Amino acid sequence: MEIKKGLEDVYVKETEITYIDGELGRLYYRGYSIYDLAEFSNFEEVSYLILYGKLPNKEELSWFQEKLREERYLPDFIVKFLKEVRKDAQPMDVLRTAVSLLGIEDSKNDEPLDVKGIKLISKFPTIVANYARLRKGLEVIDPDPKLSHAENFLYMLYGNKPNEIKAKTMDVALILHIDHEMNASTFASLVVASTLSDIYSSIIAGISALKGPLHGGANYEALKMFKEIGSPENVNDYILNKLSNKQRIMGFGHRVYKTYDPRARILKQYAKLLAEKEGGEINTLYSIAEKVEEIGIKYLGSRGIYPNVDFFSSIVFYALGFEPDLFPAVFASARVVGWVAHIIEYIKDNKIIRPKAYYKGEIGKKYIPIDSR
Ligand SMILES: CC(=O)SCCNC(=O)CCNC(=O)[C@H](O)C(C)(C)COP(=O)(O)OP(=O)(O)OC[C@H]1O[C@@H](n2cnc3c(N)ncnc32)[C@H](O)[C@@H]1OP(=O)(O)O
Ligand SMILES: O=C([O-])CC(=O)C(=O)O
């Protein structure tokens, strides 16, 4: 009996959403190279592309932008929850619970999945930014309908419109996190969707899986590691020590990429740009990250272990003003697009996901009453 541990290399569905070439380090959304989308497009357009399968024309894009803008607001009971929940909660737990509350409120609503999806895509940043402020005792900032999705996310976080570089960096970072084929969180959301449960429950499964440090939680771990290292001179000893103790370098390694993750290449450029502009701590952390990249590739590259998306996104998110424990929730705010698109694609030709477990225990044991055991 061959068991594919971790379902490695097992195909669970056909898709027209995302293609990854893990040997050459290439990534395509609906056939378009991630490099072109990051350079020329924007979050709204790429989200439309992922959800509806084609680049929007002007009318379609303005309809989509308008829908997203309208849905940015949170119902009062969610804001109340964000105010009352403990201030030291993990942001991913807060996001998961807020989505659950939204699901209860929406449970009688039979709108199509894409419409419900748009609501979620739009509300995720508001939940994250509101909690980020409320836990510090600050007032929430209402969304600004004049701003793009990426600009508005940063605006709700710190109260002023981000400059052009930060706005573009945020936009690119969101695009790069939108989808990644059959990753653990997307699969988790499909398992739930395949039972014909509701979209909120499916998305909560995605959030729950993304939270883990082997998946979307690795960006937070990577930044903690850079801080712990403290200075580029300490990198070599730190990495050698980790590897000799069989510990992992967070932000390195990937199930599909056996070479450099293309998203890490793009994010590195933005991390460098922000480090140069911001200086200080960001610059130090960037120098440490560059050194970890060099030493990590020296020891792990021959085994196909390279920086992944979470490596430089950690510096980018930090430079954009997010506290480290918020990073996975920022990631989720983009990945929700992919979850929704995969759910819609899967449900069209649904089959409940129910693999098997190979039984290794004994059978036919004689039941012994408790007094005789
Ligand atoms: C958005 C994302 O989810 S991207 C991934 C984010 N996760 C991380 O950055 C966490 C660190 N990386 C990892 O743990 C892994 O590379 C994963 C989880 C991403 C992929 O895991 P898998 O494909 O199952 O590979 P697996 O865990 O079997 O590792 C294969 C070998 O490479 C080693 N390895 C993998 N990643 C690393 C790493 N980051 N540092 C050191 N060694 C590593 C493993 O120890 C293992 O060695 P062994 O064969 O001697 O036991
Ligand atoms: O694809 C994966 O296994 C992990 C993931 O979500 C990503 O890299 O964005």
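Since we're looking at a predicted model, the values are computed, not measured.

Cut-offs applied
- Residues numbered from 1 in each chain as written.
- Chains lettered and ligands numbered in written order.
- Predicted model: local features only at pLDDT ≥ 70, side-chain atom pairs only at ≥ 80, totals over all residues.
- Heavy atoms only, no water.
- UniProt positions renumbered as here; feature names shortened; annotations may be inferred.
- Helix = DSSP H or I, 4+ residues; strand = E, 2+ residues; numbered from the N terminus.
- Buried < 20%, exposed > 50% of the residue type's maximum accessible area, 1.4 Å probe, protein only.
- Contact = heavy atoms within 4.5 Å.
- Polar contact = N/O pair within 3.5 Å; in protein donor to acceptor, adjacent residues only side chain to side chain.
- Phe/Tyr/Trp six-rings, centres within 6.5 Å; stacked < 30°, edge-to-face > 60°.
- Pairing = 2+ DSSP bridges.

Topic: the UniProt feature "active site" (unreviewed entry) in the chain
For step 1, the next point in the chain: According to UniProt, the positions carrying the feature "active site" (unreviewed entry) are H254 and D310. Sequence-wise these annotated residues cover 57 residues; spatially they are packed, their C-alpha atoms never more than 10.4 Å apart.
For step 2, the next point in the chain: Within the secondary structure, H254 sits in the loop between α12 (235–244) and α13 (262–278).
For step 3, the next point in the chain: Residue classification places H254 among the partly exposed residues on the basis of a relative accessible area of 24%.
For step 4, the next point in the chain: Not counting residues within four places of it along the chain, the set of residues in contact with H254 comprises H180, R263 and N308.
For step 5, the next point in the chain: A polar contact is formed between the side chain of H254 and the backbone nitrogen of V256, at a distance of 2.9 Å.
For step 6, the next point in the chain: With respect to the secondary-structure elements, D310 resides in helix α15 (residues 309–319).
For step 7, the next point in the chain: With sequence-adjacent residues up to four places away left out, D310 is seen in contact with H215, G216, A218, N219, A222, G251 and F331.

Structural notes on the packing of aromatic side chains
For step 1, the next point in the chain: The final tally for this structure, using the stated rule, is 14 aromatic pairs.
For step 2, the next point in the chain: Centre to centre, the rings of Y48 and F64 are 5.6 Å apart; their planes meet at 85°, and the pair counts as edge-to-face. Here Y48, found in helix α2 (residues 43–52), pairs with F64, found in helix α3 (residues 58–70); they are 16 residues apart in sequence, far enough to count as distant. Take Y48 and F64: they sit in the same class, and that class is buried.

Quick word on unusual backbone geometry
For step 1, the next point in the chain: Non-glycine residue R30 carries a positive phi angle of around 50°.
For step 2, the next point in the chain: The residue R30 is located in the loop between β2 (26–29) and β3 (32–33) in this model.
For step 3, the next point in the chain: One non-glycine residue, K246, lies in positive phi territory at about 60°.
For step 4, the next point in the chain: Mapped onto the fold, K246 is located in the loop between α12 and α13.
For step 5, the next point in the chain: Classification of K246 as exposed rests on a relative accessible area of 80%.

Some remarks on the pairing of β2
For step 1, the next point in the chain: Across the two faces of β2 the burial differs, with L27 and Y29 buried and R26 and Y28 not buried at all.
For step 2, the next point in the chain: Judged from the four bridges that link them, strand β1 (residues 18–21) and β2 form a sheet pairing that is antiparallel. Within β2, the position partnered with D21 by the bridge is R26.
For step 3, the next point in the chain: With antiparallel pairing between neighbouring strands as the criterion, β1 and β2 make up a hairpin whose turn holds four residues, including G25 at a positive phi of roughly 70°.
For step 4, the next point in the chain: Direction of pairing for β2 relative to β3: antiparallel, over a ladder of two bridges. Bridging from a neighbouring strand, Y28 pairs with S33 of β3.
For step 5, the next point in the chain: Taking the residues between adjacent antiparallel strands as the criterion, β2 and β3 are bridged by two residues, where R30 takes a positive phi near 50°.

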